[in-house]
Amino acid sequence: MLREQYDVVVIGAGPGGSVAARELAQKGWTVLLLEKRERIGYPVRCGEASTNLSDLESYGPIDEDCIETIINGIYIYGPNGVNIEVPKPGTGIMLNREKFDPMLAHLAENDGVELVTLARVDSVGGIEGKGSGEFRTVRIVEGNGPTEKVSEVRAKMVISAEGVEARIGRSLGIPCLQKPTMTCTGVDIQVEGLLTKPDYLTFWQGHDFINDGYIWSFPKQKSNVTNFGAGFLFGGKHQKNILETTQEWLDKLFPGSKVNKVVGGLVPVSSTLQSYTLDRFALVGDAAHHTNPLTGGGIAAAMRAGRYCANTVHQGLERGELSAAFLKTYEKECYKRFGKTHDFEFKFRKFLLHLNREEQVGLYKVLQGFALSGYKKTAFLKTPIQTAKYLAKFAKFKG
Ligand SMILES: Cc1cc2nc3c(=O)[nH]c(=O)nc-3n(C[C@H](O)[C@H](O)[C@H](O)COP(=O)(O)OP(=O)(O)OC[C@H]3O[C@@H](n4cnc5c(N)ncnc54)[C@H](O)[C@@H]3O)c2cc1C
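Being a predicted model, the structure only gives us computed values, none of them experimental.

Undergrad: Can you walk me through the overall build of the protein in this structure?
TA: When you go through the protein residue by residue, the secondary structure sums to nine helices and 16 strands. For a compact globule of 399 residues, the expected C-alpha radius of gyration is about 21 Å, and the protein comes in at 22 Å, within 12% of that figure. Its C-alpha atoms give the protein principal-axis dimensions of roughly 65 × 45 × 40 Å. The 399 residues of the protein split such that 43% are buried. Contacts spanning at least 24 positions in sequence make up 68% of the contacts within the protein whose residues lie at least 6 apart.

Undergrad: I would appreciate a short explanation of the domain arrangement of the protein in the present structure.
TA: A common measure of how large an interface is: the accessible area buried when the components associate. Splitting the protein by domain gives domain 1 (5–45 + 99–178 + 271–344), domain 2 (71–91 + 181–268) and domain 3 (355–396). Computed from C-alpha atoms alone, the centre-to-centre distance between domain 1 and domain 3 is 41 Å.

Undergrad: How should helix H1 (residues 15–26) be read in this particular structure?
TA: Two residues of an α-helix separated by three or four positions point the same way, owing to the 3.6 residues in each turn. With twelve residues, H1 extends 17 Å between its outermost C-alpha atoms, agreeing within 8% with the 16 Å of an ideal straight helix rising 1.5 Å per residue. Summarising burial for H1: eleven of the twelve residues are buried, a large majority. Those residues of H1 hidden inside the fold are in contact with strand S1 (5–11), strand S2 (31–34), helix H3 (97–110), strand S9 (149–160) and helix H6 (299–319). Note on H1: the residue one or two positions beyond its end, Gly28, has a positive phi of about 100°.

Undergrad: Please explain H6 as it appears in this structure.
TA: An ideal rise of 1.5 Å per residue puts 30 Å on 21 residues; H6 measures up with 31 Å between its terminal C-alpha atoms. Where H6 terminates, the next one or two residues include Gly320, which has phi positive at roughly 70°.

Undergrad: Teacher, can you tell me more about the packing of H1 against H3 here?
TA: Direction vectors running N to C along H1 and H3 enclose 15°, while the axes themselves pass 8 Å from each other. For the element pair H1 / H3, the angle class is roughly parallel. Crossing handedness for the pair H1 and H3: left-handed. Of H3, the residues touching H1 (which contributes Pro15, Ser18, Val19, Ala21, Arg22 and Ala25) are Asp101, Leu104, Ala105, Leu107 and Ala108. Here the contact of H1 with H3 is composed, by residue class, of eight nonpolar, one polar and two charged.

Undergrad: What's the story with the site of the ligand in this structure? I'm lost.
TA: In the vicinity of the ligand, 39 residues are found, and the nearest of them are Gly12, Gly14, Gly163, Gly285 and Gly298. Looking at the shell around the ligand, the elements with two or more residues in it are H1, strand S3 (49–50), strand S7 (119–128), strand S10 (183–192), strand S14 (259–268) and H6. Ranked by residues supplied to the shell around the ligand, first place goes to S14 with four residues. If you count residues domain by domain, the shell around the ligand takes at least three from each of domain 1 (5–45 + 99–178 + 271–344) and domain 2 (71–91 + 181–268).

Undergrad: What is the right way to read the pairing of S9 from this model?
TA: In the case of a regular strand, side chains alternate between the two sheet surfaces. As paired elements, S1 and S9 share six bridges and run parallel to each other. Residue pairing across strands places Val10 opposite Ile159, the latter belonging to S9. In terms of strand pairing, strand S8 (residues 135–142) meets S9 through seven bridges, oriented antiparallel. For Arg136, the partnering residue across the bridge sits in S9 and is Ala155. Count of turn residues in the S8/S9 antiparallel hairpin: six residues, of which Gly143 carries a positive phi of about 75°. Alignment of S9 against strand S16 (residues 281–283), held across three bridges, turns out to be parallel.

Undergrad: Would you explain the packing of H1 against H6 in this entry?
TA: Between two packed helices, what matters for the description is the angle formed by their axes and the separation of those axes. Packing of H1 against H6 brings their axes to within 7 Å, and their N-to-C directions diverge by 30°. Regarding the angle of H1 to H6, the classification is roughly parallel. As for how H1 packs across H6, the hand of that crossing is right-handed. Counted together, Pro15, Gly16, Gly17, Val19, Ala20, Glu23 and Leu24 of H1 and Ile299, Ala302, Met303, Ala305, Gly306, Arg307, Cys309, Ala310, Val313 and His314 of H6 form the full contact between these two elements. Within the contact of H1 with H6, the residues separate by chemical class into eleven nonpolar, four polar and two charged.

Undergrad: What should I look at first to understand the sheet that holds S10 in this one?
TA: Through backbone hydrogen bonds, the strands of a sheet pair up, either in parallel or in antiparallel fashion. Pairing within the open sheet is mixed, and its eight strands lie in the order S3-S5-S4-S11-S12-S13-S10-S14. Each having just a single partner strand, S3 and S14 make up the two edges of the open sheet.

Scoring rules and cut-offs
Residues numbered from 1 in each chain as written. Predicted model: local features only at pLDDT ≥ 70, side-chain atom pairs only at ≥ 80, totals over all residues. Helix = DSSP H or I, 4+ residues; strand = E, 2+ residues; numbered from the N terminus. Rg over C-alpha atoms; globule rule 2.2 N^0.38 Å. Buried ≥ 20, exposed ≤ 12 C-beta atoms within 10 Å, placed from the backbone. Contact = placed C-beta atoms within 7 Å. Domains from an automatic or database assignment. Expected span 1.5 Å × (residues − 1). Axes fitted to C-alpha atoms, helices over the stretch in contact; angles between N-to-C directions. Parallel < 35°, antiparallel > 145°, perpendicular 65-115°, else oblique. Left-handed = near helix turned anticlockwise from the far one by under 90°. Nonpolar A, V, L, I, M, F, W, Y, C, P; charged D, E, K, R; others polar. Near = placed C-beta within 6 Å. Pairing = 2+ DSSP bridges.

Structure below.
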């Protein structure tokens, strides 16, 4: 039985929503976390590669079962055979999101969050009440079919971590609609066995492969499977759809692979939205386009954003001040911690796509030298003219 009123209602029990909900409950606020799916995290629509373990453990304790592989480096197959190896012990992990997403939600529940699954938020109303009594009404549809039940609760604050679709955000007028040129469509094919180096993330990128995206091979050691996938810009000029393209590359690179399952979805790669807070309302994670615009990775960013949002909302609840102006603190924190880097990476991605094959090969050679030197900046002194040329071109590039 739901209460009439909560301090905070969180929409969506993905990584962003569960972290935000848990951190607010830990601070003593009443929190309702609503998830439209019956089974949290299922089906997984993700390559499942994420940030390093120590970063992740700050949200922990993380069950051993959720971690498939410790990643010790990255290998990139570039154009014209210019490949780049980036060894870095512990640089990331491969998750098992079928286990990880429910675990995060259960950590939240253990800390006092009221979690309801098969509960879809249908709408969020405008501001009602006055002063410290202000609230928003959240309309919830629980169950489905003949057992469907509609109810309403009041919330002093609504956090929407509803993922890429962002229907609620859009219904309140936030421009979170995915523009085709800023959206990546991706397919992940789970294949039996480990296709590439078992502790590396492997990528194929550039004119010889998929220029406006990339192909990936991510090893899940414990399950002895590989997440092989591809993504490219939605509005690109591809003759075939992403599923056909991914399957073709799988057949070409690893003929005879045994496919377990195929999933697909959209990734916002526009860099963070300009504004994603309203009075007593904020977006978190994919809904706010927090995804990394170069890699398409969004798990870590959603969790960080969930944490920063919870911090600001906690302060706001204490002061009785949850206006859009106050919630800008949250947006600023996200910008400082990852948004600025994402803007740079957004520009870099567009720059990379804009280079012709010859220019791209030259740039990969410069980056290859840097990687081979063990990332010493002095490596650039070996290719001073090339390095200066690309730096000048990048500085002038407007996108
Ligand atoms: C093919 C593919 C591969 C990817 N690979 C990677 C990768 O390797 N690494 C990486 O870091 N990222 C990857 N991503 C991106 C990553 O999956 C997302 O960035 C991440 O899941 C975002 O987390 P989130 O909490 O914002 O949203 P989500 O994980 O999408 O969670 C949103 C939740 O909200 C629920 N919901 C939505 N609307 C409502 C509603 N109205 N009421 C109640 N509940 C609702 C949904 O059911 C869902 O559970 C990939 C994405 C795709 C499509």
